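# Structure assessment
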Amino acid sequence: MGEQLMPSDVSRVKAQELVKKGWQVTYATLFGQSFVDVLAPHHEDSISWHWNARIDILEGRDPDYYADFPIFSRGHMKSTLARRISVVDAFLSFAYGVGGYCLYFSGTEDKTSKHALSISQLLQSDAIQQYAPPLARVKKSEEGGRSLGWKATFIYTDAGFVFHFGSLQAGLAGGNVDDLRPTLIVPDDIDNRKDSIAETGTNLKAFTNEILPMGATGTLTY
């Protein structure tokens, strides 16, 4: 008899088979065909960049670009897309059998909380539980089994992928988890139309001097 696969290995094989079908099929499976149907060319450009860049890194190649800073007008799904790209980043990492660390931050703690809740809900979807169940499970610590699923602004998944949510308002310098540097950095809603010139300058300085340097070789920024 052949060697029997563990449940986690079976789901990883399913994830790998899905990835082989490309980003369009993967996104439709994870988030619904209706989501893919409403994507405009500029949305597809961002998704394609992340998909190809992450797979290049996972397969030991240098991507063409390590960052994508699309300029979407308000109401054009920037946050909707960023959240799903973050989940797909975790999904690709799971399919390739590695962990990862997504640093997702906004300008204020209130905005960050909304993004964290949305990503948490995406991780609990039926599709994620079918194709990558460890991403839908929280990781238990070794100290008395205390749950690390939600610890302050972190989601620890059983797949070894960590989501860290923070804000420029609270400060993020030195962000890391167990000496792991971010593999994906996502700035989302870091500005406000009511911000003064001084506030905008402060946020830009924090972004360029504190946030971006947290990355390491192979870190993608969207």
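Residues numbered from 1 in each chain as written. Predicted model: local features only at pLDDT ≥ 70, side-chain atom pairs only at ≥ 80, totals over all residues. Heavy atoms only, no water.

Overall, the coordinates contain five salt bridges when judged by the stated rule. In this structure, Lys20 and Glu17 form a salt bridge, with 3.3 Å as the shortest nitrogen-oxygen distance. With a gap of three residues between them, Lys20 and Glu17 both fall in helix H1 (residues 7-20), about one helical turn apart. (Salt bridge = Lys/Arg side-chain N within 4 Å of Asp/Glu carboxyl O. Helix = DSSP H or I, 4+ residues; strand = E, 2+ residues; numbered from the N terminus.)

Its 18 residues give helix H4 (residues 41-58) an end-to-end C-alpha distance of 26 Å, which sits within 8% of 26 Å, the value for a rise of 1.5 Å per residue. Turning to H4, its buried residues number three or more, namely His43, Ser46, Ile47, Trp49, His50, Trp51, Ala53, Arg54, Ile55 and Asp56. One or two residues past the end of H4 sits Gly60, with phi positive at roughly 85°. (Expected span 1.5 Å × (residues − 1). Buried < 20%, exposed > 50% of the residue type's maximum accessible area, 1.4 Å probe, protein only.)

Attention shifts here to the environment of Val36. Positionally, Val36 belongs in helix H3 (residues 33-37). It is 7.0 Å that separates the C-alpha atoms of Val36 and Gln24, two residues lying twelve residues apart in sequence. Ignoring anything within four residues of it in the chain, the contact list for Val36 reads Gln24, Tyr27 and Ala28. (Contact = heavy atoms within 4.5 Å.)

What follows covers the environment of Ile128. The topology assignment puts Ile128 in helix H7 (residues 126-131). With residues up to four places along the chain from it excluded, the contact list for Ile128 reads Leu30, Val87, Phe91, Leu122, Leu123, Pro133, Leu135 and Ala136.

A few words on the pairing of strand S4 (residues 161-167). Of all seven residues in S4, seven are buried, a share of seventy percent or more. The side-chain alternation of S4 yields two buried faces, one formed by Phe161, Phe163, Phe165 and Ser167 and the other by Val162, His164 and Gly166. In the sheet, strand S3 (residues 154-156) pairs with S4 via three bridges, with the strands oriented antiparallel. For Tyr156, the partnering residue across the bridge sits in S4 and is Val162. Joining the antiparallel neighbours S3 and S4 is a turn of four residues, in which Gly160 adopts a positive phi near 85°. (Pairing = 2+ DSSP bridges.)

In this structure, Tyr27, Phe91, Leu135 and Phe163 are the most contacted members of the largest nonpolar core, which totals 48 residues. Examining the composition of this core, we find that ten residues originate from one element, helix H5 (residues 78-95), more than from any other. Excluding residues that lie within four positions of it along the chain, Tyr27 makes contacts with Gly32, Phe35, Val36, Ile47, Trp51, Arg84, Ile85 and Val88. (Core = buried A, V, L, I, M, F, W, Y, C linked by side-chain atoms within 4.5 Å.)

Below, the discussion takes up helix H2 (residues 23-31). Turning to H2, its buried residues number three or more, namely Trp23, Thr26, Tyr27, Ala28, Leu30 and Phe31. One or two positions beyond H2, positive phi appears at Gly32, with a value near 100°.

Right, let's get into the packing of aromatic side chains. Summed over the entire model, instances satisfying the criterion amount to nine aromatic pairs. With 5.9 Å between their ring centres and 90° between their planes, Trp23 and Tyr27 make a pair best called edge-to-face. Residue Trp23 and its partner Tyr27 are located together in helix H2, separated by four residues, close to a single helical turn. Summarising the burial analysis for this pair, Trp23 and Tyr27 share the class buried. Across the ring face of Tyr131, the terminal group of Lys14 is positioned such that the distance to the ring centre comes to 5.2 Å. Over the ring of Phe35 we find Arg84, and its NZ or CZ is 5.1 Å from the ring centre. (Phe/Tyr/Trp six-rings, centres within 6.5 Å; stacked < 30°, edge-to-face > 60°. Lys NZ or Arg CZ within 6 Å of the ring centre and 35° of its normal.)

In short, the description is geometric, and any link to function would need to be established separately.
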